[in-house]
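Spelled out from the first residue to the last, the chains are:
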Amino acid sequence: CIVVGNYSEQLLDSLPSVRSNAYHPVREVLSQMAAKGCRRIAFVSEDRENFAGQELLHHFQLVLTELGMNPAEAPVIWGRGAFTGITAELRPLLDQPEVPFDGIFCPDYRLALEVCCLISARYGFDAERQMTLGSFQRGNAYRLPISGCSVDARWSSRAETALRQLVELIESGKVPQSVCV
């Protein structure tokens, strides 16, 4: 049995696994946002209990520090669970006269589409100049409706490469704990 995905070590219970390190894609998106002038970036995700989401938040906070921003001042906005959306939590913040952030990092592309609608509802045609959205995109075929900062994290090809490495290690008689790409 080989577990593919980012899960807590406690859940893996010493099973071989293929994990993905999202630090570099997070750094690339946040660096693009900082280059566009964002200094108060919010983190948005749906499921506070999701281990991968917690890892993304950890990388987000680490990169903010590296970019000279204070992660303690960065709003973290969680939805109510997987596939519940973010409108109920984000809309009240965007309805305020003074929005407490100038950029939103939303790693989930599906959720970023929802955030695009909320940003457009707030700012109309001026959305791109008022609020910068950062996300992971899925190849070149999909683009967010408003211009933002994104990177193709290539999760499937990264997982495939790591799985191939793991199988090669197992076939050579070595029993690895995990492979991380």
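Here, the structure is the one placed above.
Scoring rules and cut-offs
Residues numbered from 1 in each chain as written. Predicted model: local features only at pLDDT ≥ 70, side-chain atom pairs only at ≥ 80, totals over all residues. Heavy atoms only, no water. Phe/Tyr/Trp six-rings, centres within 6.5 Å; stacked < 30°, edge-to-face > 60°. Helix = DSSP H or I, 4+ residues; strand = E, 2+ residues; numbered from the N terminus. Buried < 20%, exposed > 50% of the residue type's maximum accessible area, 1.4 Å probe, protein only. Core = buried A, V, L, I, M, F, W, Y, C linked by side-chain atoms within 4.5 Å. Contact = heavy atoms within 4.5 Å. Pairing = 2+ DSSP bridges. Axes fitted to C-alpha atoms, helices over the stretch in contact; angles between N-to-C directions. Parallel < 35°, antiparallel > 145°, perpendicular 65-115°, else oblique. Left-handed = near helix turned anticlockwise from the far one by under 90°. Nonpolar A, V, L, I, M, F, W, Y, C, P; charged D, E, K, R; others polar.

A.B. asks: Provide a residue-level description of the packing of aromatic side chains, including the pertinent values.
C.D. replies: Each aromatic ring pair is summarised here by two numbers: the centre-to-centre distance and the angle between the ring planes. Under the criterion given, the structure shown has five aromatic pairs. With a centroid separation of 5.6 Å and an interplanar angle of 65 degrees, the aromatic rings of phenylalanine 43 and tryptophan 78 are classed as edge-to-face. You can see phenylalanine 43 sitting in strand β3 (residues 41-45) and its partner tryptophan 78 sitting in strand β4 (residues 76-78), a full 35 residues away along the chain. Both residues of the pair, phenylalanine 43 and tryptophan 78, belong to the buried class. Judged by centre distance (5.9 Å) and plane angle (80 degrees), the ring pair of phenylalanine 105 and phenylalanine 136 falls under edge-to-face. Linking phenylalanine 105 in strand β5 (residues 103-105) with phenylalanine 136 in strand β6 (residues 132-137), this pair joins segments that are 31 residues apart in sequence. Judged by relative accessible area, phenylalanine 136 falls into the buried class, the value being 5%. By way of ring pairs, the aromatic residues Phe43, Phe60, Trp78, Phe105 and Phe136 are connected into one cluster.

A.B. asks: Got a sec to walk through unusual backbone geometry? Specific residues and values, please.
C.D. replies: Backbone geometry at phenylalanine 83 places phi at a positive 60 degrees, although glycine is not the residue there. Along the chain, the position of phenylalanine 83 falls in the loop between β4 and α4 (87-94). Its relative accessible area of 70% is what places phenylalanine 83 among the exposed residues.

A.B. asks: Give me the lowdown on the nonpolar core, citing residues and values where you can.
C.D. replies: A general feature of soluble globular proteins is that nonpolar side chains tend to end up buried together. Leu90, Phe101, Ile104, Val115 and Leu133 are the most contacted members of the largest nonpolar core, which has 22 residues in total. The leading source of residues in this core is helix α5 (residues 109-123), at eight residues. Apart from the residues within four sequence positions on either side, isoleucine 104 is in contact with Met33, Ile41, Ala42, Val44, Leu90, Val115, Ile119, Met131, Thr132, Leu133 and Gly134. Formed by 21 residues, the second largest nonpolar core is a distinct cluster that contains Val29, Phe43, Leu56 and Phe105.

A.B. asks: For the side chain of glutamate 55, give the residues involved together with the corresponding values.
C.D. replies: Checked against the element boundaries, glutamate 55 lands in helix α3 (residues 51-66). Setting aside residues no more than four positions away along its own chain, glutamate 55 makes contact with Asn6 and Arg19.

A.B. asks: Describe the environment of glutamine 32, and please don't skip the residues or the numbers.
C.D. replies: With respect to the helices and strands, the residue glutamine 32 is situated in helix α2 (residues 23-35). In sequence terms glutamine 32 and threonine 132 are 100 residues apart; their C-alpha atoms lie 9.9 Å from each other.

A.B. asks: Mind laying out the sheet that holds β4, listing which residues take part and the relevant values?
C.D. replies: Here we have five strands laid out as an open sheet, ordered β4-β3-β5-β6-β7, and parallel in their pairing. One side of each edge strand has no neighbouring strand; the edge strands of this open sheet are β4 and β7 (149-152). The sheet shows a mean angle of 20 degrees between the axes of neighbouring strands, taken without regard to direction. Taken together, the four bridges between β6 and β7 define a ladder with parallel strand orientation.

A.B. asks: Any chance you could break down the packing of α2 against α3 for me, citing the residues and the numbers?
C.D. replies: Where α2 contacts α3, the axes come no closer than 9 Å and their chain directions differ by 50 degrees. As summarised for this structure, α2 and α3 are arranged oblique, according to the angle between their axes. The crossing of α2 and α3 is right-handed. Contacts from Tyr23, Val26, Arg27 and Leu30 in α2 reach Leu56, His59, Phe60, Leu62, Val63, Leu64 and Glu66 in α3. A class-by-class count of the residues in the contact of α2 with α3 yields eight nonpolar, one polar and two charged.

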